[in-house]
Amino acid sequence: MCGIVGAVAERNIAAILVEGLKRLEYRGYDSAGLALIDAHGALRRHRRPGKVSGLEQALAEEPLSGRVGIAHTRWATHGAPCERNAHPHFSGDDLALVHNGIIENHAPLRERLRGLGYTFTSDTDTEVVVHLIHHKLKELGDLTAALKSAVAELHGAYGLAVVSRHQPDRLLATRSGSPLVVGLGIGENFIASDQMALRQVTDRFMYLEEGDVAEIQRDRVQVWDAAGAPVTREVVQYHEGAEAADKGEYRHFMLKEIHEQPKVVQRTLEGRLGSDHVLAQAFGPQAAELFARVRNVQIVACGTSYHAGLVARYWLEGLAGIPCQVEVASEFRYRQVVVPADTLFVSISQSGETADTLAALRNAKARQGSGHAYLSSLAICNVGTSSLVRESDLTLLTQAGPEIGVASTKAFTTQLVSLLLLTLALGRVHGTLADGLEARLVDELRRLPSRLGEALAMDKTIEKVAEFFADKHHSLFLGRGTQYPVAMEGALKLKEISYIHAEAYPAGELKHGPLALVDADMPVITVAPNNELVEKLKSNLQEVRARGGELIVFADREADIENGEGTQVVAMPHIDDVLAPILYTVPLQLLSYHVAVLRGTDVDQPRNLAKSVTVE
Ligand code: F6R
């Protein structure tokens, strides 16, 4: 999704802005641009469709230099990804602006501004904002006052950064529904939509809150809150290793992140397990008291995070006896829902900035004080500074570290671990867990990182399986019980990075329709832990073989599923069935990865997708 970087310094900032944009490339975008105030006080810009490297090329051919400026990667929403729609947008020669998000009332504003004599050169919603600020500037004579007055008229979501050649010592920024962070340097300051963009210049950050306006100069940062009052926002020191944004020895971020899973699962468990139980305090100081009142759980999320929620429903109902509903956020947010009494609202998100998930949380909170309120809200999230975390009552942070590959991998497995911790914490408070279950699972969780290591060691075997797959156009993924959402996640991974059509079904549904698709060109991938459903699964596999379908089965060593004609079995380490969805995710990630590499797709930045979906 779109990215913003800006800087005010005493040195030429062109290279800093470009490096910042590169660090945001993982979010997905389709054009890039930058604008600087040059030594003569004039606004200069370059914009290019395509990658940041195209912008670098433009700078090599015609260098720009300046000490104040803004830059942007755009993911098209209004208007095609071409140069004239790329940011920064100008108003005359006076103002340059970059924008993340969507301005919903852009059409009436455009009409009004046209009436005032403004000419539009792009199809974007963003261009109305720069002209509106310009119009206000003529009335008010000060950029900060003009920005505050202009944003009061905007509906929608925005993170904005703006510079004016009339006040060339500063840049202005504001946010509502789209994140922005101020980076604090020594004698220089920065702005970005994600701190990752600024890690090369600072490790001290100030997170702007909803409605904040910030005026950023070389030696000072002033912030006003949504009501216009001056405020001081806390300065946070960032500790994540600088190597996080590096591929290291791996060919792709996705592969690196798949291989990080033992380490990050370990980290997600740290400080959260007692000798034989889960520490409820891990969810916040008031969690234990609150969990005792929870009688239902509503989970809301998107994409991969939604699949984690689906696994959690099996756990919450099957292990803790707590009724649980799971819904994709884009549906939930627009639906009239009936809220059962004492329902805990749980949102799951890697980024914590997904527009639909955030909107669902806000809708849930808006019910507070009504007869249909949620008891409380819990965010399971990977970004501690995200909007989702800040706006939820309770938080459990997944400790996956920055996830750069667009396809989510380590975020998913750490979400599953977190949701199992939640299940055990709730089950214990309510006394609904079977005798000895919590102690057994705590033990198994401690062993999980080494089990994940064993699954990763199967990489070479899975690479071979991928060779068989690479020229296929369609595939089916099957699973039963908790393995059904794992199959869904496997199908999502394959389609998003290899562009092979993949669908997932509960294995028992096969003969109710999808079996008609099965032939030698439709590989069927199955996950088969050794549990009470394995015999039923074997019958489903027979149904596939009888129709000439090719099977790839990731099966427990003890499940007694043999290699044979048309059946490739990859033997999996044995694991407690409760934890099986976490382990069986790994070979499916590796399979998708190797198939995508063989097909030559852009693994880390698949076409049409963005890492952080901050618009609807
Ligand atoms: C798929 C993927 C997406 C995200 C979804 C939600 O690999 O990454 O489906 O899971 O966009 O994102 P978060 O978890 O950031 O809310």
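Since the model is a prediction, treat every value here as computed from it, not as a measurement.

Enquirer: Tell me what's going on with the site of the ligand, and back it up with residues and numbers.
Expert: What surrounds the ligand is a group of 15 residues, the closest being Ser 305, Ser 349, Gln 350, Thr 354 and Glu 496. Between the ligand and Ser 349 there is a distance of 2.6 Å, counted from an oxygen atom to a side-chain nitrogen or oxygen. Contacts to the ligand include Gln 350, whose backbone N or O atom sits 2.7 Å from an oxygen atom. If the ligand stood free it would expose 400 Å²; the protein chains cover 90% of that surface. Because more than half of its atoms lie within 2 Å of the grid, the ligand is assigned to the second largest pocket. Secondary-structure elements contributing two or more residues to the shell around the ligand are helix 9 (303-318) and helix 16 (483-498). Partitioning the shell around the ligand into residue classes produces five nonpolar, eight polar and two charged.

Enquirer: If you had to explain the UniProt feature "domain: SIS" (unreviewed entry) in the protein to someone new, which residues and values would you point to?
Expert: Listed under "domain: SIS" (unreviewed entry) in the UniProt record, and renumbered for this structure, are residues 287-432 and 465-606. Counted over residues 287-432, helix gives 43% and strand 19%. Its end C-alpha atoms are 18 Å apart. Helix makes up 38% of residues 465-606 and strand 20%, whereas the separation of the span's terminal C-alpha atoms amounts to 22 Å.

Enquirer: An account of helix 11 (residues 355-366) is requested, with residue identities and associated values reported.
Expert: Taking 1.5 Å per residue as the helical rise, helix 11 with its twelve residues ought to reach 16 Å, and the 16 Å between its terminal C-alpha atoms agrees with that figure. For helix 11, the full list of buried residues reads Ala 355, Asp 356, Thr 357, Leu 358, Ala 359, Ala 360, Leu 361 and Ala 364.

Enquirer: I'd love a proper account of the layout of surface pockets, names of residues and values included.
Expert: Approximately 750 Å³ is the volume attributed to the largest pocket. Residue lining of the largest pocket: 37 residues in total, with Gln 195, Asn 382, Val 383, Gly 384 and Thr 385 positioned closest to the centre. Listed by contribution, the elements that provide at least two residues to the lining of the largest pocket are strand 15 (235-237) and helix 12 (387-391). When its residues are assigned to classes, the lining of the largest pocket shows 13 nonpolar, 15 polar and nine charged. Approximately 530 Å³ is the volume found for the second largest pocket.

Enquirer: Kindly report on the side chain of Asp 125, identifying the contributing residues and their values.
Expert: Looking at the secondary structure, you find Asp 125 in the loop between helix 3 (106-115) and helix 4 (126-140). Arg 74 provides the closest opposite charge to the buried, unpaired Asp 125, separated from it by 6.2 Å. At 2.9 Å, the side chain of Asp 125 forms a polar contact with the backbone nitrogen of Ile 103. Dropping the residues within four chain positions of it, Asp 125 is found in contact with His 78, His 99, Gly 101, Ile 102, Ile 103, His 106 and Arg 110.

Enquirer: Please provide a residue-by-residue account of the pairing of strand 1 (residues 3-8), values included.
Expert: Across the six residues of strand 1, six count as buried, placing the element largely inside the fold. Alternating residues of strand 1 divide into Gly 3, Val 5 and Ala 7 and Ile 4, Gly 6 and Val 8, and every residue in both groups is buried. Pairing of strand 1 with strand 4 (residues 68-74), which is carried by six bridges, proceeds in the antiparallel orientation. Counted as the bridge partner of Val 5 is Ala 71 from strand 4.

Enquirer: Explain unusual backbone geometry residue by residue, including any values.
Expert: It is generally the case that most residues other than glycine have a negative phi and that most peptide bonds are trans. The omega torsion across His 87 and Pro 88 is -5°, close enough to zero to call that bond cis. Position of Pro 88 relative to the elements: it lies in the loop between strand 4 and strand 5 (89-91). If you check the backbone angles, Tyr 499 has positive phi at about 65° while not being a glycine. Topologically, Tyr 499 is positioned in the loop between helix 16 and strand 22 (501-506).

Enquirer: Which residues make up the pairing of strand 9 (residues 181-184), and what values do they have?
Expert: What you see with strand 9 is no split at all: Val 181 and Gly 183 on one side and Val 182 and Leu 184 on the other are buried throughout. Where strand 9 folds back on strand 10 (residues 189-192), the antiparallel hairpin that results is connected by four residues, among which Gly 187 adopts a positive phi of roughly 70°.

Enquirer: Could you give an account of the packing of aromatic side chains, naming the residues involved and the relevant values?
Expert: For any two aromatic rings, the description comes down to two numbers: the centre-to-centre distance and the angle of the planes. Inspection of the entire model under this criterion finds three aromatic pairs. With 5.2 Å between their ring centres and 65° between their planes, Phe 345 and Tyr 374 make a pair best called edge-to-face. Linking Phe 345 in strand 18 (residues 343-349) with Tyr 374 in the loop between helix 11 and strand 19 (376-381), this pair joins segments that are 29 residues apart in sequence. Both residues of the pair, Phe 345 and Tyr 374, count as buried. Ring pairs connect the aromatic residues Phe 332, Phe 345 and Tyr 374, which therefore count as one cluster. Against the face of Phe 120 rests Arg 110, its NZ or CZ located 5.3 Å from the ring centre. Here the basic side chain of Lys 472 rests over the ring of Phe 468, its NZ or CZ set 4.6 Å away from the ring centre.

Enquirer: Could you give me a rundown of the sheet that holds strand 3 (residues 43-49), with the residues and numbers involved?
Expert: Sheet architecture is open: eight strands sit in the order 3-2-4-1-10-9-11-15, paired in antiparallel fashion. What marks the edges here is a single partner per strand, and that holds for strand 3 and strand 15. Each adjacent strand pair in this sheet contributes to an overall mean axis angle of 20°, direction not counted. Sheet topology places strand 2 (residues 31-37) next to strand 3; seven bridges connect them, and they run antiparallel. For Ala 35, the partnering residue across the bridge sits in strand 3 and is Arg 45. Packed on one face of the sheet, helix 1 (residues 14-23) meets strand 1, strand 2, strand 4 and strand 10 and runs near 155° to strand 2. Each of strand 2, strand 3 and strand 4 touches helix 2 (residues 52-61); the most contacted strand, strand 3, lies at about 135° to it.

Here is what the cut-offs are and how they apply
- Residues numbered from 1 in each chain as written.
- Predicted model: local features only at pLDDT ≥ 70, side-chain atom pairs only at ≥ 80, totals over all residues.
- Heavy atoms only, no water.
- Near = heavy atom within 4 Å.
- Polar contact = N/O pair within 3.5 Å; in protein donor to acceptor, adjacent residues only side chain to side chain.
- Areas by Shrake-Rupley, 256 points an atom, 1.4 Å probe, with all protein chains shown as cover.
- 1 Å grid on protein atoms, 1.4 Å probe; cavity = no way out; pocket = protein on both sides within 12 Å on 5 of 7 lines; lining within 4 Å.
- Sits in = over half its atoms within 2 Å of the grid points.
- Helix = DSSP H or I, 4+ residues; strand = E, 2+ residues; numbered from the N terminus.
- Nonpolar A, V, L, I, M, F, W, Y, C, P; charged D, E, K, R; others polar.
- UniProt positions renumbered as here; feature names shortened; annotations may be inferred.
- Expected span 1.5 Å × (residues − 1).
- Buried < 20%, exposed > 50% of the residue type's maximum accessible area, 1.4 Å probe, protein only.
- Points joined across faces, edges and corners; volume = space filled by probe spheres on them.
- Lys, Arg positive; Asp, Glu negative; His and termini not counted.
- Salt bridge = Lys/Arg side-chain N within 4 Å of Asp/Glu carboxyl O.
- Contact = heavy atoms within 4.5 Å.
- Pairing = 2+ DSSP bridges.
- Phe/Tyr/Trp six-rings, centres within 6.5 Å; stacked < 30°, edge-to-face > 60°.
- Lys NZ or Arg CZ within 6 Å of the ring centre and 35° of its normal.
- Axes fitted to C-alpha atoms, helices over the stretch in contact; angles between N-to-C directions.

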